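Commentary on secondary and tertiary structure
What follows is the residue order along each chain.
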Amino acid sequence: MMEDDKNEKAAGGTGQVEVEEKATTGPDGEIDKLKKELALKEAEAKENHERFLRSCADLENFKKRAAREKEEFVRFAKEGLIRDLLPTLDNLERAVEHSKATLDFSGLVDGVDMTVKQFLQCLDNFGVKPVKATGERFDPNIHEAIMQVDEGDYDADTVVCEHQKGYLLNDRLLRPCLVTVAKGRKKLEE
């Protein structure tokens, strides 16, 4: 027993503390510590899982809201164009009414001509531009040949006549021109 007292004093009187530490770090103490750590990790995992579920629900709600907004945008995207076209329709109706009342067909022609210009201006405001065709070299990307004729005044593959106008929408082909193309004279290179 004296040896124990001497060891305690030699160790600086900390023998009691060492014994208590050994007791808490023993098999039972270690298990309690691990149980506490496990409980903390389970709580953290549960919180992370709940956060994950909320994020999934938020994402699903965002997808639904974005789909609704897109559908509504598509439904009403034409509104501006239609609003700008209505005055053109009004002018056409006025021209027809005026020509019926006065039987003045030259006035009708003038009215329709002005309305066509107004209509083309409206289309231009929305990025729609007519494609040049007559006199231009045939381009299969923007022209659709429906006939080919022998035309001595034109070089080969030149558009001679435009049957239906073609249009570009913001530099993308909306409708090709229906054209007649000249077989024409071939330029001989010597």
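Read on for an overview of the structure.

Reading guide: rules and limits
- Residues numbered from 1 in each chain as written.
- Predicted model: local features only at pLDDT ≥ 70, side-chain atom pairs only at ≥ 80, totals over all residues.
- Heavy atoms only, no water.
- Salt bridge = Lys/Arg side-chain N within 4 Å of Asp/Glu carboxyl O.
- Helix = DSSP H or I, 4+ residues; strand = E, 2+ residues; numbered from the N terminus.
- Buried < 20%, exposed > 50% of the residue type's maximum accessible area, 1.4 Å probe, protein only.
- Polar contact = N/O pair within 3.5 Å; in protein donor to acceptor, adjacent residues only side chain to side chain.
- Contact = heavy atoms within 4.5 Å.
- Core = buried A, V, L, I, M, F, W, Y, C linked by side-chain atoms within 4.5 Å.
- Pairing = 2+ DSSP bridges.
- Axes fitted to C-alpha atoms, helices over the stretch in contact; angles between N-to-C directions.
- Expected span 1.5 Å × (residues − 1).
- Bend = angle between axes of the 7 residues up to and from the residue.

1. What about the pattern of salt bridges?
- Overall, the coordinates contain 6 salt bridges when judged by the stated rule.
- In this structure, the salt-bridge partner of R83 is E79, at a minimum N-O distance of 2.5 Å. Of this pair, R83 and E79 both sit in helix α4 (residues 79-102), 4 residues apart, roughly one helical turn.
- Its salt-bridge partner being K117, residue D113 comes within 3.6 Å of it at the nearest N-O pair. Here K117 and D113 lie together in helix α5 (residues 105-125), a separation of 4 residues that amounts to about one turn.
- Residue classification places D113 among the partly exposed residues on the basis of a relative accessible area of 40%.
- Among the residues examined, K117 registers a relative accessible area of 55% and is labelled exposed.

2. Comments concerning the side chain of T115
- Within the element layout of this structure, T115 appears in helix α5.
- Relative accessible area serves as the criterion here: at 3%, T115 is assigned to the buried category.
- In terms of polar contacts, T115 uses its side chain to reach the backbone carbonyl oxygen of G111, at 2.7 Å.
- If sequence neighbours within four positions are ignored, T115 has contacts with T88, N91 and L92.

3. Things to note about the nonpolar core
- In terms of nonpolar packing, the biggest core is built from 6 residues, these being V131, A133, V159, C177, V179 and V181.
- Considering every element that reaches this core, the biggest residue donor is strand β6 (residues 177-182), with 3 residues.
- Setting aside its immediate chain neighbours within four residues, C177 contacts V131, A133, I142, H143, E144, E162, Q164, K165 and G166.

4. Re the sheet that holds β6
- With respect to topology, 3 strands assemble into an open sheet ordered β2-β6-β3, the strand pairing being mixed. Among the strands making up the open sheet, the edge pair consists of β2 (143-149) and β3 (158-164). The mean inter-strand angle of the sheet, taken between neighbouring strand axes irrespective of direction, is 35 degrees.

5. Topic: α4
- The first and last C-alpha atoms of α4 sit 35 Å apart over 24 residues, in line with the 34 Å expected at 1.5 Å per residue.
- At L85, α4 shows its maximal bend, which comes to roughly 25 degrees, and the proline P87 appears one to four places after that position.
- If you check which residues of α4 are buried, you get T88, A95 and S99.
- For α4, the elements touching its buried residues are α5.

6. As for the side chain of T88
- Tracing the backbone shows T88 in helix α4.
- Relative accessible area serves as the criterion here: at 3%, T88 is assigned to the buried category.

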